[in-house]
Amino acid sequence: MSSLERTPPYLQVVAALKAKIVSGELAHGDALPSVRELAAEYGISTATAQKVHRTLKAEGLAEARQGAATTVSTRRTLHRTAADRLESALSTGRIYADGEYAVITGADLTTPPEWVADLLGIEDGGPALRRQRVTHNRDAEPVSASTSWFSAELAETVPALLLRERIVGGTPSAIEAATGRRAVASEEASTADAATPEHANLLGVATGAPVLLSRNVYVDAQGETVEVGESVAPAGRWRVHQN
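## Observations regarding the packing of helix 2 (residues 9–23) against helix 3 (residues 35–42)
Thought 1: Viewed as axis vectors pointing N to C, helix 2 and helix 3 meet at an angle of 105°, and their least axial separation amounts to 12 Å. With respect to helix 3, the axis of helix 2 lies roughly perpendicular. Only Leu38, Glu41 and Tyr42 of helix 3 make contact with helix 2, whose side of the interface consists of Val13, Ala16, Leu17 and Lys20.
Thought 2: For the contact of helix 2 with helix 3, the class distribution of residues is five nonpolar, no polar and two charged.

## A short note on the environment of Ala140
Thought 1: Here Ala140 shows up in the loop between strand 5 (128–136) and strand 6 (142–151).
Thought 2: Note: C-alpha distance between Ala140 and Gly99 (41 residues apart in sequence) is 9.3 Å.

## What to know about the nonpolar core
Thought 1: In this structure, Val13, Leu17, Leu26, Leu32, Leu38, Val52 and Leu56 are the most contacted members of the largest nonpolar core, which totals 16 residues.
Thought 2: Elements that contribute at least two residues to this core include exactly helix 2, helix 3 and helix 4 (46–58).
Thought 3: When neighbours within four sequence positions are excluded, Leu56 is seen to be in contact with Val14, Leu17, Lys18, Leu32, Leu61 and Ala62.
Thought 4: The next biggest cluster of nonpolar side chains, apart from the first, holds 10 residues, and it includes Phe150, Ala155, Leu161 and Val226.

## Structural notes on the environment of Leu212
Thought 1: Tracing the backbone through its elements, the reader meets Leu212 in strand 8 (residues 210–220).
Thought 2: Each C-alpha atom, one on Leu212 and one on Pro234, is 6.3 Å from the other, the two residues being 22 residues apart in sequence.

## Here's the deal with the pattern of salt bridges
Between side chains of opposite charge, pairing is possible as soon as their charged atoms come close.
Thought 1: Evaluation of the coordinates by the stated rule reveals four salt bridges.
Thought 2: Across the pair Glu176 and Arg182 runs a salt bridge whose closest N-O atoms are separated by 3.1 Å.
Thought 3: Judged by its relative accessible area of 25%, Glu176 is partly exposed.
Thought 4: Taking relative accessible area as the criterion, Arg182 reaches 34% and is therefore assigned partly exposed.
Thought 5: Close ionic contact of Asp220 with Arg181 constitutes a salt bridge, the shortest N to O distance being 3.1 Å. Of this pair, Asp220 sits in strand 8 while Arg181 sits in the loop between helix 8 (170–179) and strand 7 (183–194), and the two are 39 residues apart along the sequence.
Thought 6: Overall, Asp220 belongs to the buried group, its relative accessible area being 6%.
Thought 7: For Arg181, a relative accessible area of 30% translates into the label partly exposed.

Criteria and cut-off values
Each chain has its residues counted from 1, following the order in which its sequence is written. At least 70 in pLDDT is required for a residue's local features to be given in this predicted model, at least 80 for side-chain atom pairs to be given and counted, and no such filter applies to totals for whole chains, interfaces and linings, which use all residues. Note that water and hydrogens are dropped before the side-chain values are worked out from all heavy atoms of the structure. Fitting a line to C-alpha atoms yields each axis, with helices limited to the stretch in contact; the angle taken between N-to-C directions then spans 0 to 180 degrees. Numbered from the N terminus, helices here are DSSP runs of H or I no shorter than four residues, and strands are runs of E no shorter than two. Roughly parallel refers to an angle under 35 degrees, roughly antiparallel to one over 145, roughly perpendicular to one between 65 and 115, and oblique to any angle outside these ranges. Here, two residues are considered to be in contact whenever any of their heavy atoms come within 4.5 Å of each other. The nonpolar class holds Ala, Val, Leu, Ile, Met, Phe, Trp, Tyr, Cys and Pro. Asp, Glu, Lys and Arg form the charged class, and all remaining residues, Gly among them, are polar. Among buried residues, the Ala, Val, Leu, Ile, Met, Phe, Trp, Tyr and Cys ones that are joined through side-chain atoms within 4.5 Å form a nonpolar core. For each residue, the accessible area found with a 1.4 Å probe, counting protein chains only, is set against the maximum for its type, and the residue is called buried under 20%, exposed over 50%, and partly exposed in between. When a carboxyl oxygen of Asp or Glu is within 4 Å of a side-chain nitrogen of Lys or Arg, the pair counts as a salt bridge.

The values are spatial; any link to function lies outside them.
Right, dumping it as structure tokens:
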């Protein structure tokens, strides 16, 4: 018996709806399928469909108002991973979900941390290209702060990387257009930690507040590193992963 077959039916439907929310197919404010619609579409009972709605509400991914449909809610609860953003950039040409936007806070050539230099193959204290940003939701609240690192050679082939401006279609698409190198996979590691004073300032939380720290690597078809990133997000935002 597969792990999917062992998963309760309501959780299978919850996972399917979460995947649609992460991809942007279901955006903030969109109506979720009704209990009857879920029952018909997924072949489940109305009681099971009601449990799907209750689970999404409990996780902060849906909300219901009296006399109105249950709608998607992602402004304060959903954290999109590096893998989510890569898939979105390559499939839709968009990095951010509806209502999200990024402010580029830094773009320069500088000495990277040792772990970044190792992944990019930089030796003897050489420079790397760094881009820093803070992502906000439609309420102008910061939802994450991140730094992307690239080989310094990209400063010449993709000069937009050194500008404090958003790149339409995202950095993966810009690099592919200029170099032919396509990021096809990502690996991400995360840990819980306490916000540093810098994190607190960027995210609008208290120093020492719980945060999620992540490090990710984008690689091309040859397994070569295209981008190395690190990000921090406040507590209380769900990550969703679907195989």
